[in-house]
Amino acid sequence: MILKRKVVLLYLSLMCAGLFFSCSKSTDQSFISQLESIDAFIRQGQTSDAMATLKKAEKNAFSAFARLGVYRRYVTLGEMSLAERTLQSALKALPENAELTAVYAQFLLRANKFDAAVDVSRSLAGTRYGSLYSEAVLRKVSEATKNGSFYSGDLAAVYYDAFVGTGNTRWLMNSALVCLLAGDYDTAAALQDMRAQYQSQKTTRSMAEMLFWAYVQYDAENYDVCLDNLSKVRSEVFLPAAAELASDAYVMLNDRDSAEASRKIVLQYKGEKSADVSPAVKVNSALWEQSRGNYHRAYDLIFDVVTNNSDYIPGLVTYGRFAYEDSLAPEMTDLEKSLRLTEFRTHAMQAYDERPRILVSDALYRMENAMAKEKAAGEEVDEDLLLAQCLLYFKNNPDLTQTAKLAYVWKMLEEHELGQSLYPPKLVQLAVHELLANGKTEDARNLFTKYLDARYSLKNEEPVTQKVLIDVFGGERPVPKNVIPPEVLRGTFGDRAAKDVNSMEIWEGETAAYFTLLDGNVPAARRLYEYVLFETGGLHRKSETAPIVSMSPLASPVTACNLAMVYSSTGNKKDALALYGLATGRTRDAIQKADMLYRTAVIQNELKDEAGALLSLEYCLSLNPIHADARLLRRQIEINSKK
C-alpha cells in the first residue's frame, strides 16, 4: 500500500506552482520577469538561454516560494543535480520550512534514495505532509526486507500519517494491526474511523473493514461497539464470521439468548456438519440446548464435536460433564416412585427415559485417548483435560476411600511430572485441595511450597563453597554446600512468595497466603491476600488508606474473610467490616454466609454499633438457626443494652 508516485508528484507540482504564484504580488518584479523569460526560453527549446537566465535568477531567490520556483525549472530542464543543490541550499537557509522539506523528500523518493528520504522527512511526521515520511519509511522497509518488518511497532504512527495524507482507511487498519501485535488494544480500537459518511457505506470493502474493526473492538473489550460494527455487515460472504463473533460478544455481555441466535445463523449458513464450523460454536450451542432441556439437540451437537474434533479439549470436557449428569438418578416424588413399579409413565418420565445417554466410561475413554495422543506426540498433557479426567473418575467412583483417592492423585502427579517438584498447576491445585480436605496439612504444604519454589525459582539459593575434610589423613578440598538450614527456608517461604506474587495465578496466591498465615508470618500473608483481592481482575486499589468498596471478581469469598481476620487482629476494624460485607454478598452457601454475618456482628459490636450487630445476628440466625455463637452474642448485646 504505497502512495502512487504520479499522484504525489502532480500534487506537489501544483502545490509548488500555487505557492509561487500566490506570493507573486510581494515578489520583486525583476525576479518575476526573469522567471517569465526562463519559461519562454523553455517553451521555445532554447535550453542554454534558459539555464543562463535561471542561474542569474537563483541569486535573487530568497523566500521559500522563490527557491521552489527555481527548483521546479531545474527539474523541467532535466538538471536534477542542480535541482537537488537548490533544495539543499534552501533548507540550510530555511531549515524549519515544511514545504521545502516535503518537496526535497519527494525528490529523494523519486531518486530511490530511501535512507536520505527518511532522514529528511522525519520532521514531517504528524503534520499535513506526514504521508511523505510514511512513504519513505515503508519504501525503505520494503527495499530492505520482505519478511515481517512491516509489523514493527515503530510503524504504527507511520501508517497513521499515511492515512492522514491519503484518506485511505486501510492505513488505519495497518496501524491498528501493529498496535494489536504489541498488545495495545485500546489504542488500536481508538483508531477506528467513526465518521458518519464512512460508517454508512455498504460496499463489500466497507463491510470487510467493519468486520475487521469489530474484531479490534472485541479485543479491546468494547463489546457494544463491536456489535454495532457487526450490525452493518450484511454481505453473505462475511455474515457467518460476523455472527460467530457476535455470539462471543453477546456472551461477554451476558445476553445468552442473543448469543445462541447468532450461533444458529452460523450453523444455518455453514451447515451443522460442515468442517468449517468452529467446534466452539457447537459446544456453546450444546450447553445452551442442554440448559433448556433440549437433550436430543444437545447430544447431536456434542457428539458431532467429539467425533469430528476428537482433540478439542472443551468438547471433551463438556462431553464428560454431560455423561456425569446423565448418570445421576433423577429426583422423584413418592408418586413417581410408585409409578416406576408399574407400566405407566408421566410425560416427564417418558421424556427422561427416551432422551439419549452418554456413558461415563465412554467419556473417560475419549479423554484418556486424547491424553495418550498428546504424550505420544511429545507434548505436555493439557491440564484442563487432565483435571476433568480426574474429577470425572472420582465422580464415577463415589465409593473410593479417601486413601484411594489420595493414592490416585499421587499417581497422576508422578505420571505427569514436568520437572523436579514441578507438575501441571491445576493438578497440584486438586492435590492440595484433597490433602487439606483429608487433614493432610503438612503433606499439602510440602507439595505446594516445593512446587511454587520450583515454578517461580523463589529460593534463588546459591551453594556456598566450603573446605570439607575428605579423608582421615587431613586432606581437604573446596566443595559446594548449601548452608541455609531447612527450617530457615520454611520460615521465609511467605516472604519469597509475597515478593513474586504478581507473577502467580490467583489460586497460587490464595494458597500461598493460607500457608503463610499458618506459619504466623502475618505481614507476608497480608501482602499476598491484598494482591489477590485488590490487584487482580482489573482492580487497582488507589492506596492503603482508600476505603474498600470492591474486591476482585477472581478472588474467593474465603480469601476476603481471611484478610478480614488479619485486618481485625491488627486493629483495622473498618476494613475488616468492609471485607466481610463484600464476602457475604458473594457467598451462596447459607451456612458460610451465616458465619460471615456472625463475624460481621462481632466487629460491629466492638465498634459500639449494637443496632447493626443485632441486625447481622438476626440475618445470621435466619440462615442458620442453630448457630450457638450468634445466639450467645445476641443475648449478651440485649443484656448490655438494658443496663
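Conventions used here
Residues numbered from 1 in each chain as written. Predicted model: local features only at pLDDT ≥ 70, side-chain atom pairs only at ≥ 80, totals over all residues. Heavy atoms only, no water. Axes fitted to C-alpha atoms, helices over the stretch in contact; angles between N-to-C directions. Helix = DSSP H or I, 4+ residues; strand = E, 2+ residues; numbered from the N terminus. Parallel < 35°, antiparallel > 145°, perpendicular 65-115°, else oblique. Left-handed = near helix turned anticlockwise from the far one by under 90°. Contact = heavy atoms within 4.5 Å. Nonpolar A, V, L, I, M, F, W, Y, C, P; charged D, E, K, R; others polar. pLDDT = per-residue confidence, 0-100. Phe/Tyr/Trp six-rings, centres within 6.5 Å; stacked < 30°, edge-to-face > 60°. Buried < 20%, exposed > 50% of the residue type's maximum accessible area, 1.4 Å probe, protein only. Lys NZ or Arg CZ within 6 Å of the ring centre and 35° of its normal. Polar contact = N/O pair within 3.5 Å; in protein donor to acceptor, adjacent residues only side chain to side chain.

Caption draft 1: Highlighting the packing of helix H29 (residues 506–518) against helix H30 (residues 522–534). Running from N to C, H29 and H30 point in directions that differ by 160°, and their axes come no closer than 8 Å. With respect to their mutual orientation, H29 and H30 come out roughly antiparallel. Crossing handedness for the pair H29 and H30: left-handed. Counting all contacts with H29, which are made through Ile506, Gly509, Glu510, Ala512, Ala513, Tyr514, Thr516 and Leu517, the residues of H30 involved are Ala524, Ala525, Leu528, Tyr529 and Val532. Partitioned by chemical class, the residues of the contact of H29 with H30 number ten nonpolar, two polar and one charged.

Caption draft 2: A look at the confidence of the model for the protein. Taken residue by residue, the protein gives an average pLDDT of 80. The fraction at 70 or more is 81%. Predicted confidence is poor over residues 1–27, with pLDDT under 50, and the contacts of this stretch with residues over four places away or in other chains come to 41 contacts.

Caption draft 3: The arrangement of the packing of aromatic side chains in detail. Evaluated as defined, the whole model comprises twelve aromatic pairs. Seen in terms of ring centroids, Phe448 and Phe515 are 5.8 Å apart; in terms of plane orientation they differ by 35°. Their pairing is tilted. Note that Phe448 is positioned in helix H26 (residues 441–456) and Phe515 in helix H29, a separation of 67 residues in sequence. Of the two residues, Phe448 and Phe515, neither departs from the other in class, the shared state being buried. Aromatic rings pair up to connect Phe448, Tyr451, Phe493, Trp507, Tyr514 and Phe515 into one cluster. The cationic tip of Lys395 hangs over the ring face of Tyr324; the distance from NZ or CZ to the ring centre is 4.7 Å. In this arrangement the basic side chain of Lys405 is found over the ring face of Phe394, its NZ or CZ atom lying 4.9 Å from the centre.

Caption draft 4: Looking closely at the side chain of Thr587. Following the sequence through the fold, Thr587 ends up in the loop between helix H32 (573–586) and helix H33 (590–606). At 2.7 Å, the side chain of Thr587 forms a polar contact with the backbone oxygen of Ala583. When residues no more than four places from it in sequence are discounted, the contact partners of Thr587 are Pro557, Gln592, Lys593 and Met596.

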